[in-house]
Amino acid sequence: MNIGIVGSGYVGTTVAACLADFGHEVMTVDVDESTVTALNEGEAPVSEPDLGGLLDRYAGSTLWATTDYDDLVDFGAEVVFLALPTPANEDGSIDTTYVEAGAEALGEVLGDLDGYPTVVVKSTVTPGTTEDVVGPALERTSGLRVAEDFGLAMNPEFLREGSAVADFQNPDKLVFGTSDDGDRALDALEAVYAPILDAQDVPVVRTGLREAELIKYANNAFLAAKVSLINDIGNICKEFGVDAYEVADAIGLDDRISEQFLRSGAGWGGSCFPKDVSAIVAAAREQGYDPELLQAAIDVNDRQPQRMLDLMDQHVDVEGERVAVLGLAFKPHTDDVRNSRAIPIVEGLQERGADIIAYDPNPAAADNMRERFPDVEYLASPSPTLSGAHAVLIVTDWPEFSDLDREFDLMSERVVIDGRRVVDRREGITYEGLTWE
Ligand code: UDX
């Protein structure tokens with residue numbers, strides 16, 4: 001099949017590379033020249049394991065990038081995915097400007113595509129957006145009609161950063177949301193995913209557009225709330241001197257609870273959970289329903305970094321003193337610092353007048369954080385970061401942090417606040433676990 005993909009961020013690029021790997025011909029469209037150049041040279045514009053290898057293999061043979069939507073016509077796109085960002089507005093609702101603009105630009109060439117092309121929304125959008133914003137934008141500039149001249153579908157992604165390629169290749173489920181067009185859009189999606197459906201027993205949810213949109217939010221809201229719930233329970237555990245990880249291991253044995261997403265600590269960050277939970281809360285309120293439990297999940301998440309700072313305050317006054325922050329990326333194996341729990345930690349330390357020294361095993365994560373906090377000193381290894389520090393806050397569960405031991409002896413005051421349970425308590429350090437002793 002010939003597949004177009006508009007937007008070359010984490011999602012668009014992963015989908016493009018993986019669909020080429022399925023054996024499809026793929027053309028990506030992005031407004032950013034340097035992204036397009038990188039893709040055509042087989043280089044990933046984002047840091048994601050295995051992505052570079054796939055792009056290197058297919059760029060120039062079955063995968064091409066362009067800045068020009070017109071190129072989709074000669075290419076003969078049969079299905080076009082919209083994988084454009086939906087950033088958050090001030091009130092948490094999503095900003096659909098990019099998706100709408102992309103749909104309008106695609107609409108300009110839609111009439112020149114052969115047959116019954118199908119446009120698939122991959123972006124995370126609140127219920128009704130595909131039908132009420134994307135569809136009308138495509139119709140406006142194309143002069144065509146949804147479900148008569150072209151198909152409209154919604155196919156959410158469930159890719160985790162750091163394992164996006166593997167997640168795409170081995171999905172837990174596929175969700176195909178379509179409008180009523182005699183299954184033509186659905187058939188197009190089935191053809192796109194045929195290589196995986198033929199090879200694996202993947203559950204496929206065939207549903208409507210709004211349902212598909214909501215499934216994505218429900219998925220992320222559920223997981224984020226699960227982490228907030230174990231964090232709430234973890235905070236209770238700490239009050240009683242009980243180890244939340246022992247409790248989590250036990251409750252995770254119940255199939256109904258499952259062992260996954262039970263790591264309590266500094267909370268959730270990244271490009272999805274914070275944005276998506278706030279967006280579905282804002283969208284629900286717009287409809288007249290106040291989702292109190294999801295709001296509480298956000299509140300608990302906001303509180304966790306503050307609890308780390310409170311624990312530090314119980315042991316040391318850091319005004320004018322060196323304080324080390326270990327881990328800047330929102331989770332291990334990425335350079336992404338969006339909504340990282342390190343952000344409120346650094347802000348809290350700045351409020352306290354500390355001299356902040358930070359280290360992340362991924363130098364690109366430090367570069368990204370430097371843009372936001374230029375006054376923090378970023379070092380290239382843990383030892384000099386810890387040297388002379390009055391406290392260290394461990395924010396990200398990078399595996400290499402669990403090897404740290406004698407490095408803590410370099411500190412002036414060995415106050416170790418562990419937000420991810422990566423360090424062992426031992427003699428000679430003042431150790432505080434966030435949800436354990
Ligand atoms: C998430 C979803 O998992 C994915 O399906 C969706 O498409 C995008 O959002 P991602 O943001 O890449 O993926 O990261 P994920 O591994 O899910 O972790 C999210 C956050 O939760 C991280 O900050 C992580 O540290 C935190 N987390 C996760 C915990 O604090 N405890 C856990 O037990 C699990």
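Description of the structure in this document. Here the structure is a predicted model, which is why all the values come from computation and not from measurement.

**Re the sheet that holds strand β2 (residues 25-29)**
Part 1 of the argument: Taken in spatial order, the eight strands of this open sheet run β3-β2-β1-β4-β5-β6-β7-β8, and their pairing is mixed. What marks the edges here is a single partner per strand, and that holds for β3 (63-66) and β8 (204-207). Shown here is a sheet whose adjacent strand axes are inclined to one another by a mean of 20 degrees, direction ignored.
Part 2 of the argument: Pairing between strand β5 (residues 118-121) and strand β6 (residues 151-154): four bridges, direction parallel.

**Points about the site of the ligand**
Part 1 of the argument: Residues in contact with the ligand amount to 19 residues; listed here are only the nearest, Leu159, Glu161, Arg263, Gly269 and Lys331.
Part 2 of the argument: In the model, an oxygen atom of the ligand is placed 3.3 Å from a nitrogen or oxygen of the Phe158 main chain.
Part 3 of the argument: Its free accessible area being 670 Å², the ligand has 92% of it covered by the protein chains.
Part 4 of the argument: Here the shell around the ligand gets three residues from one element, more than from any other, and that element is helix α10 (residues 209-239).
Part 5 of the argument: Partitioning the shell around the ligand into residue classes produces nine nonpolar, three polar and seven charged.

**Quick look at the pairing of strand β4 (residues 79-82)**
Part 1 of the argument: Burial along β4 is two-sided: the face carrying Val79 and Phe81 and the face carrying Val80 and Leu82 are both buried.
Part 2 of the argument: Note: strand β1 (residues 2-6) against β4, four bridges, orientation parallel. By the bridge assignment, Ile5 is partnered in β4 with Phe81.
Part 3 of the argument: Note that β4 and β5 share four bridges and pair parallel. Bridge pairing in β5 links Val79 to Thr118.
Part 4 of the argument: On the question of chirality, the crossover connecting β4 to the parallel β5 by way of helix α5 (residues 97-110) is right-handed.

**Considering the packing of aromatic side chains**
Part 1 of the argument: Overall, the coordinates contain eight aromatic pairs when judged by the stated rule.
Part 2 of the argument: Cluster of aromatic residues (ring-pair linked, three or more members): Phe22, Phe168, Phe176 and Tyr193.
Part 3 of the argument: The ring of Phe158 carries Lys173 above its face, with NZ or CZ at 4.2 Å from the centroid.

**Concerning the packing of helix α13 (residues 292-313) against helix α14 (residues 342-351)**
Part 1 of the argument: Two elements in contact, α13 and α14, have axes separated by 9 Å at closest approach and are oriented at 40 degrees. The angle between α13 and α14 places the two elements in the oblique class. Read as a crossing pair, α13 and α14 show a hand that is right-handed. Between α13, through Pro305, Gln306, Met308, Leu309 and Met312, and α14, the contact on the second element is made entirely by Pro344, Ile345, Gly348 and Leu349.

**Overview of the sheet that holds strand β11 (residues 377-378)**
Backbone hydrogen bonds are what pair the strands of a sheet, in a parallel or an antiparallel way.
Part 1 of the argument: Spatial strand order, β11-β10-β9-β12-β13-β14: six strands in an open sheet with parallel pairing. Both edges of this open sheet fall to β11 and β14 (430-433), since each of them pairs with a single strand only.
Part 2 of the argument: Bridge analysis of strand β10 (residues 355-359) against β11 gives two bridges, and the strand direction is parallel. Its bridge partner lying in β11, Ala358 is registered against Tyr378.

**Things to note about helix α11 (residues 244-251)**
Part 1 of the argument: The set of residues buried in α11 consists of Ala244, Tyr245 and Ala248. The arc that holds every buried residue of α11, seen down its axis, measures 95 degrees, which confines them to one face. Turned more than 90 degrees from where α11 packs its buried face, Glu246 and Asp249 sit exposed.
Part 2 of the argument: In this fold, the buried residues of α11 make contact with α10.
Part 3 of the argument: Capping of α11 at its N-terminal end is provided by Asp243; its side-chain oxygen lies 2.8 Å from the backbone amide nitrogen of Tyr245.

**Describing the environment of Ile230**
Part 1 of the argument: Residue position: Ile230 is located in helix α10.
Part 2 of the argument: Sequence-wise, Ile230 and Gly267 are 37 residues apart; in three dimensions their C-alpha atoms are separated by 9.7 Å.
Part 3 of the argument: Other than its neighbours up to four places away in sequence, Ile230 contacts Ala248, Ile251, Phe261, Leu262, Arg263 and Ser264.

**Description of the nonpolar core**
Part 1 of the argument: With 51 residues, the main nonpolar core has Met312, Leu349, Val392, Leu393, Ile394 and Phe408 as its most contacted residues.
Part 2 of the argument: Among the secondary structure elements, those contributing two or more residues to this core are α13, β9 (322-326), α14, β10, α15 (363-372), β12 (391-394) and β13 (415-418).
Part 3 of the argument: Met27, Ala77, Ile94 and Leu113 belong to the second largest nonpolar core, which has 43 residues in total.

**A short note on the pattern of salt bridges**
Part 1 of the argument: Throughout the structure, instances matching the rule amount to 26 salt bridges.
Part 2 of the argument: Between Arg263 and Asp397 there is a salt bridge whose closest N-O contact spans 3.7 Å. Residue Arg263 is found in the loop between α11 and α12 (273-286), and its partner Asp397 is found in the loop between β12 and β13; the two are separated by 134 residues along the sequence.
Part 3 of the argument: By relative accessible area, which is 22% here, Asp397 ends up partly exposed.
Part 4 of the argument: The residue Asp409 makes a salt bridge to Arg426 at a minimum N-O spacing of 3.1 Å. Placement of the pair is Asp409 in the loop between β12 and β13 and Arg426 in the loop between β13 and β14, with a sequence separation of 17 residues.

Rules used in this analysis
Residues numbered from 1 in each chain as written. Predicted model: local features only at pLDDT ≥ 70, side-chain atom pairs only at ≥ 80, totals over all residues. Heavy atoms only, no water. Pairing = 2+ DSSP bridges. Helix = DSSP H or I, 4+ residues; strand = E, 2+ residues; numbered from the N terminus. Axes fitted to C-alpha atoms, helices over the stretch in contact; angles between N-to-C directions. Near = heavy atom within 4 Å. Polar contact = N/O pair within 3.5 Å; in protein donor to acceptor, adjacent residues only side chain to side chain. Areas by Shrake-Rupley, 256 points an atom, 1.4 Å probe, with all protein chains shown as cover. Nonpolar A, V, L, I, M, F, W, Y, C, P; charged D, E, K, R; others polar. Buried < 20%, exposed > 50% of the residue type's maximum accessible area, 1.4 Å probe, protein only. Right-handed = clockwise from strand over helix to strand, strands pointing away. Phe/Tyr/Trp six-rings, centres within 6.5 Å; stacked < 30°, edge-to-face > 60°. Lys NZ or Arg CZ within 6 Å of the ring centre and 35° of its normal. Parallel < 35°, antiparallel > 145°, perpendicular 65-115°, else oblique. Left-handed = near helix turned anticlockwise from the far one by under 90°. Contact = heavy atoms within 4.5 Å. Arc of directions from axis to C-beta. Core = buried A, V, L, I, M, F, W, Y, C linked by side-chain atoms within 4.5 Å. Salt bridge = Lys/Arg side-chain N within 4 Å of Asp/Glu carboxyl O.

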